[in-house]
Amino acid sequence: MLLLLAFLSPPPFQPLSTVTHPAAASPVHRTFWLTGSSNWGWNLTQQIGPQLEVYDRDNVTLMLIKHQFDGITHNWFLDFNNNFVVDSNEQATSSLDFSSTTQYTNFTFTVTVEGNIPGTGSWNYRCKYHPTSMFGVFTVVSTAPDFAVTSTPASLTVVRGSSNTSTIRAVSVNNFMGSVTLSTTVSPGGGPTAVLGLGGLVVPAGSSNSTGLTVSTTASTPTGSYTISVTASNSTVSRSTQVSVTVVEAVSQPSTPPVPTLIFAGVIGAGVIFLTVAALALARRRKRENKTSSSP
Ligand SMILES: [Cu+2]
């Protein structure tokens, strides 16, 4: 009875975390620990197993063991064409059969893109004997020098008749070092114009460089949404970023009439004359009062 219950509910087992997020783009030895169960999948995940992530040329070791409540033999493999069976080109990624509940079976292979792995990307790993209940995702990340392009901000609002700017940045990926040329396209046509501050950027290894993208409109540019694609390319690679542009109607503001300089000068002049006359009149009156009071 107890044994039956153990099969009906997942056994008290803590799934091992086997996901790695590789930081270095150089070959690394990575070890993943996987416990197989035909009923509960890899590491008792029940559905999709742990995601395994590696870089091209990494040395990968799988530590494979059978779960204690599982009575069947397993075998780990990469199913590149997703047909649930080990094909000839998948043999190199197929482990030995394992059925021990106490001793790990050690399977080591070196990931080589276009060698034993068809390319960078993701594939399902499976158990050769239980391919539908025991599977997960195996991801191979490229180590090839590359670059990315970003736009900050990625969306701009431009008031009709004015302009706005975004910063375009080319970023080194996997230690890429070199120069890239920049180009822009605006769609649909007939909208704003896009002008880059520089026609190309030098990208230092492990760093980035940027230039400004000025998006200009005239009073007659149709309002609406536009997409500006900025493409950075060298002889082998092209990477793009998009800037969403919304051209809006200029908000009509209440016009403030200009104050003519003449009126302004006239008012000041009149004030000066008034004050002068008033001061003279006051002085004359004081003099007269003084005369009156001083007479015997
Ligand atoms: Cu299996």
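Coordinates for the structure precede this section.
Now for a description of the structure that goes with this document. Per chain, residue numbering runs from 1 following the sequence as it is written. Reporting in this predicted model follows two pLDDT cut-offs: at least 70 for local features of residues, and 80 or more for side-chain atom pairs to be given and counted; totals over whole chains, interfaces and linings ignore these cut-offs and use all residues.

## Details of the overall build of the chain
For clarity, the cut-off: The way it works is that DSSP assigns letters per residue, a run of H or I at least four long becomes a helix, a run of E at least two long becomes a strand, and they are numbered from the N terminus. Our exposure labels follow a C-beta count within 10 Å of each residue's own C-beta, placed from the backbone: buried means 20 or more other C-beta atoms, exposed means 12 or fewer, and partly exposed covers the counts in between. Contacts here follow a simple rule: the backbone-placed C-beta atoms of the two residues must lie within 7 Å.
Counting its regular elements, the chain contains two helices and 16 strands. Burial status across the chain gives 25% buried among its 296 residues. Counting contacts in the chain only where the partners sit at least 6 residues apart, residues at least 24 apart contribute 69% of the total.

## Structural notes on the sheet that holds strand β6 (residues 121–127)
Strand-to-strand pairing in sheets goes through backbone hydrogen bonds, with the strands running parallel or antiparallel. Condition: Strands were regarded as paired on the criterion that DSSP finds at least two bridges between them. Every angle, taken between N-to-C directions, lies between 0 and 180 degrees, and every axis is a line fitted to C-alpha atoms, over only the stretch in contact when it is a helix.
Spatial strand order, β2-β7-β6-β4: four strands in an open sheet with mixed pairing. Single-partner strands in this sheet number two, and they are β2 (52–55) and β4 (76–79). When the angles between neighbouring strand axes are averaged without regard to direction, this sheet yields 30 degrees. The sheet contact formed by β2 and strand β7 (residues 135–141) spans four bridges and is parallel. Bridged to V54 within β7 is V140.

## A few points about the nonpolar core
Let me state the cut-off plainly: Any nonpolar core is a set of buried residues, restricted to Ala, Val, Leu, Ile, Met, Phe, Trp, Tyr and Cys, that join up through C-beta atoms within 7 Å.
Of all hydrophobic cores here, the largest spans 22 residues; its most connected members are L34, V54, L62, L64, W76 and Y125. Taken together, the elements giving at least two residues each to this core come down to β1 (29–36), β2, β3 (59–66), β4, β6 and β7. Not counting chain neighbours up to four residues away, the residues in contact with Y125 comprise L52, W76, F77, L78, F135, G136 and F138. With 20 residues, the next largest nonpolar core counts V149, L201, L213 and V247 among its residues.

## Let's talk about the environment of D58
Checked against the element boundaries, D58 lands in the loop between β2 and β3. For the pair D58 and V141, spaced 83 residues apart in the sequence, the C-alpha separation amounts to 10.0 Å. Discounting residues that sit within four places of it in the chain, D58 has contacts with P27, V28, R30 and V111.

## Quick look at unusual backbone geometry
The residue after T152, namely P153, is reached through a cis peptide bond having omega -5 degrees. Among the secondary structure elements, P153 is positioned in the loop between β8 (146–152) and β9 (155–159). Looking along the chain, the bond that leaves S187 and enters P188 is cis, with omega of -5 degrees. Looking at the element boundaries, P188 is found in the loop between β11 (178–187) and β12 (193–196).

## Points about the sheet that holds strand β14 (residues 208–216)
Within the open sheet, the four strands sit side by side as β8-β10-β14-β12. Their pairing is antiparallel. Of all the strands in the sheet, the pair left with one neighbour each is β8 and β12. Between one strand axis and the next, the sheet turns through 25 degrees on average, direction left out of account. In the sheet, β8 pairs with strand β10 (residues 163–173) via seven bridges, with the strands oriented antiparallel. Each bridged residue has a counterpart across the sheet, and for A148 the counterpart in β10 is V171.

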